[in-house]
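The primary structure of each chain is shown beneath.
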Amino acid sequence: MASVVASHPHIFVKHGFLGLYSKVYYRPTLAEVDCIRNYYTVSSGNAIHQFLLKFQNDPSCAEHTHLKLDFDPNGNYCMELCVARDGSFCAVQLFRYGELEYVPVTEVKIYEGREAELLSSVLRPQHKVAS
């Protein structure tokens, strides 16, 4: 997912001293982008997948959607989320554990503007920033 997000025309990556750290920014608003990876139970993963499919066809569904997500460090689902701190950019990809590794369930989906705000309002409140 990192290569897809980094190659987006509205994203720039700033490398720190001797390349020891990097920060990602959404160019139009200069907001820093947080990258989050969390693991979920089967029921939560299925709920996320259904929500993402519904959101793709009707972004306004996020206005009245509340997902109760159960974290599990050994969960069957993994969601990677890159969100601008001001909510104006959001990239998401969902994976499921199978064949001894996490395989993509969805492609990397990138949203900007109002759609990004709606998506991050549903998915982000339950997340912690990955270290």
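This structure is a prediction, so every number in the text was calculated from the model and none was measured.

Note that Thr-106 resides in the loop between β6 (101–104) and β7 (109–112). Here the side chain of Thr-106 touches Leu-94 through a polar contact of 3.0 Å, landing on its backbone nitrogen. Apart from the residues within four sequence positions on either side, Thr-106 is in contact with His-49, Gln-93 and Leu-94.

A few words on the packing of helix α2 (residues 42–57) against helix α3 (residues 114–123). At a closest axis distance of 12 Å, the pairing of α2 and α3 adopts a crossing angle of 165°. On the basis of the axis angle, α2 is roughly antiparallel to α3. For α2 against α3, the interelement crossing comes out right-handed. The segment α2 lies against α3, with Phe-51, Leu-52 and Phe-55 engaging Glu-115, Leu-118, Leu-119, Val-122 and Leu-123. Residue composition of the contact of α2 with α3, by class: 7 nonpolar, no polar and 1 charged.

A separate point is α2. Structurally, the α-helix is built with 3.6 residues per turn, so residues lying three or four positions apart point the same way. Between its first and last C-alpha atoms α2 spans 23 Å; for 16 residues at 1.5 Å apiece the expected length is 22 Å, and the two agree. Those residues of α2 lying buried are Ser-44, Gly-45, Ile-48, His-49, Phe-51, Leu-52 and Phe-55. Here the buried residues of α2 occupy an arc of 165° about the axis, which is enough to place them on one side. More than 90 degrees from the buried face of α2, the exposed residues found are Ser-43, Gln-50 and Asn-57. Taken together, the buried residues of α2 touch β3 (31–40), β4 (77–84), β5 (89–98), β7 and α3.

The next thing to look at is the confidence of the model for the protein chain. For the protein chain, the mean per-residue pLDDT works out to 91, and 95% of the residues sit at or above 70. Here residues 126–131 scores under 50 on pLDDT; set against residues more than four positions off or in separate chains, the count is 19 contacts.

The subject of this paragraph is the packing of aromatic side chains. Under the counting rule described, the total for this entry stands at 7 aromatic pairs. Their ring planes at 70° and their centres at 5.2 Å tell us that Tyr-97 and Tyr-102 sit as a pair that is edge-to-face. What links up through ring pairs into an aromatic cluster is the set Tyr-39, Tyr-97 and Tyr-102.

Cut-offs applied
- One numbering rule holds for all chains: residues counted from 1, following each sequence as written.
- Confidence filtering applies because this is a predicted model: local features only for residues at pLDDT of at least 70, side-chain atom pairs given and counted only at 80 or more, and all residues used for totals across whole chains, interfaces and linings.
- With hydrogens and water excluded, all non-hydrogen atoms of the structure serve as input to the side-chain values.
- A run of H or I in DSSP counts as a helix once it spans at least four residues, and a run of E counts as a strand once it spans at least two, with each numbered from the N terminus.
- For this analysis, a polar contact is any N or O atom pair within 3.5 Å, provided that within protein one partner can donate a hydrogen and the other can accept it, and provided that sequence-adjacent residues contribute only side-chain to side-chain pairs.
- Between two residues, a contact is recorded if the distance between any of their heavy atoms is within 4.5 Å.
- Angles here are taken between N-to-C directions and fall from 0 to 180 degrees, while the axes themselves are lines fitted to C-alpha atoms, restricted in helices to the stretch in contact.
- Convention used here: angles under 35 degrees read as roughly parallel, angles over 145 as roughly antiparallel, angles from 65 to 115 as roughly perpendicular, and any remaining angle as oblique.
- Handedness of a crossing is defined here by the sense of rotation of the near helix relative to the far one, left-handed for an anticlockwise turn of less than a right angle and right-handed for a clockwise turn.
- Three residue categories are used. Nonpolar comprises Ala, Val, Leu, Ile, Met, Phe, Trp, Tyr, Cys and Pro, charged comprises Asp, Glu, Lys and Arg, and polar comprises the others, including Gly.
- Here the expected length of a helix is defined as 1.5 Å per residue gap, with one fewer gap than residues.
- Only protein chains enter the calculation, and the probe is 1.4 Å; a residue is then buried if its accessible area is under 20% of its type maximum, exposed if over 50%, and partly exposed in between.
- Think of it as the arc spanned by the lines of direction from the helix axis to the C-beta atoms.
- A score between 0 and 100, pLDDT records how confident the predictor is in each residue.
- Centres within 6.5 Å make a pair out of two Phe, Tyr or Trp rings, where for Trp the six-membered ring is used; the pair is then stacked when the planes are under 30 degrees apart, edge-to-face when over 60, and tilted otherwise.

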